[in-house]
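Observations on the three-dimensional arrangement
Here are the chains, one letter per residue:
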Amino acid sequence: MDTLSYKTKSANKNTVEKQWLLVDAEGQTLGRLASKVAKILRGKNKPNFTPHVDCGDNVVIVNAEKIQLSGNKWEDKTYTRYTGYPGGQRSTTARELLDKNPVSIIEKAVKGMLPKNKLGAELFRNLRVYAGTDHDQEAQKPKAINLNDLK
C-alpha cells in the first residue's frame, strides 16, 4: 500500500534543545515585547512544541529601564497588591514602579502571559531581566535576536 505515514513527535526534557537568547528592550512596547518573549519561553515558535513540556529557550532581556508604554499608561496603569491585612490594598503607577524597580515591570508583564501552574513557574525561571546593558550570562553566550523580525 502506497500511503504516507506521519508520526507526531512529542518532545520531552531529554530531547529538547534549549538555547540562550538576548533581547534588547530599548524602544520596545511593553505588551508586544512581553507577548513575544512569553511565546519564546513557552516554545511555541519551535516545530516540536509540546504543551506539557518546557521546550522553550532561556531569554535574557537588557535595557529594561528603556521600555515604552503607549498613551497615558505611565500615569494611568496601576499595579495593585495586597499586604494581607485589613485595609492593606496598595497600588503604584507604572512610572513609580519604573523609578523604583524597572525589572519588575517586564517580569510582571511576561509572568501574566505564562500558564498559571507549575509549568508556568518553571518557564518563568528561564527569564533573566536586567536594567542596564550588562548582564551576568556572558558565559552562556546568548544569541542576540530582534523581536521585530518575529511574528
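See the structure shown above.
Residues numbered from 1 in each chain as written. Predicted model: local features only at pLDDT ≥ 70, side-chain atom pairs only at ≥ 80, totals over all residues. Heavy atoms only, no water.

Quick word on the overall build of the protein
When helices and strands are tallied, the protein shows five helices and six strands. In sequence order, the secondary structure elements of the protein are arranged as β-α-β-α-β-β-α-α-α-β-β. Within the protein, the proportion of its 151 residues that are buried is 39%. Considering only contacts within the protein whose residues lie at least 6 apart along the sequence, 69% involve residues at least 24 apart. If you sum the accessible surface of the protein, you get close to 10000 Å²; carbon and sulfur atoms cover 48% of it. Considering the protein, the positive charge centre built from 26 side chains and the negative charge centre built from 17 side chains are found 8 Å apart. (Helix = DSSP H or I, 4+ residues; strand = E, 2+ residues; numbered from the N terminus. Buried < 20%, exposed > 50% of the residue type's maximum accessible area, 1.4 Å probe, protein only. Contact = heavy atoms within 4.5 Å. Areas by Shrake-Rupley, 256 points an atom, 1.4 Å probe, with all protein chains shown as cover. Lys, Arg positive; Asp, Glu negative; His and termini not counted. Charge placed at Lys NZ, Arg CZ, Asp CG, Glu CD.)

Comments concerning the environment of Gln140
By the element assignment, Gln140 lies in the loop between β5 (127–129) and β6 (143–144). According to the relative accessible area criterion, Gln140 is partly exposed, its value standing at 34%. The spatial distance from the C-alpha of Gln140 to the C-alpha of Trp20 is 6.7 Å, given a sequence separation of 120 residues.

Brief notes about the nonpolar core
Grouped together as the largest cluster of nonpolar side chains are 31 residues, with contacts concentrated most on Val37, Ile61 and Ile106. Only β1 (20–24), α1 (30–42), β2 (58–62), α3 (94–100), α4 (102–111), α5 (118–124) and β5 provide two or more residues apiece to this core. The leading source of residues in this core is α1, at seven residues. With residues near it in sequence (within four places) discarded, Ile106 still touches Ala25, Leu30, Leu33, Ile61, Ala64, Ile67 and Val129. Leu22, Val60, Val62 and Tyr130 belong to the second largest nonpolar core, which has five residues in total. (Core = buried A, V, L, I, M, F, W, Y, C linked by side-chain atoms within 4.5 Å.)

Section: the pattern of salt bridges
Counting across every chain of the model gives two salt bridges. Among the ionic pairs, Lys18 bridges to Asp54, the shortest N-O distance being 3.1 Å. Placement of Lys18 in the segment before β1 and of Asp54 in the loop between α1 and β2 is noted, with a sequence separation of 36 residues between them. Asp54 gets classed as buried once you look at its relative accessible area, which sits at 13%. Linking Lys46 and Asp57 is a salt bridge whose minimum nitrogen-to-oxygen distance equals 2.8 Å. Here Lys46 is found in the loop between α1 and β2, whereas its partner Asp57 is found in the loop between α1 and β2, with eleven residues between them in sequence. Accessibility assignment for this pair places Lys46 and Asp57 in one class, buried. (Salt bridge = Lys/Arg side-chain N within 4 Å of Asp/Glu carboxyl O.)

Comments concerning the sheet that holds β2
Read from one edge of the open sheet, four strands run β5-β2-β1-β6, paired in parallel fashion. Since the sheet does not close on itself, it has two edges, and those belong to β5 and β6, each with one partner. Judged from the five bridges that link them, β1 and β2 form a sheet pairing that is parallel. Each residue of the ladder has a partner; that of Trp20, found in β2, is Asn58. Running at roughly 155° to β2, α1 makes contact with β1, β2 and β5 of the sheet. (Pairing = 2+ DSSP bridges. Axes fitted to C-alpha atoms, helices over the stretch in contact; angles between N-to-C directions.)

Some remarks on the pairing of β2
Counting buried positions along β2 gives five out of five residues, so the element sits mostly inside the fold. Covered by surrounding structure in β2 are Asn58, Val60 and Val62 together with Val59 and Ile61, the residues of both alternating faces. Two elements, β2 and β5, share three bridges in a ladder whose sense is parallel. Along β5, the bridge assignment pairs Val60 with Arg128.

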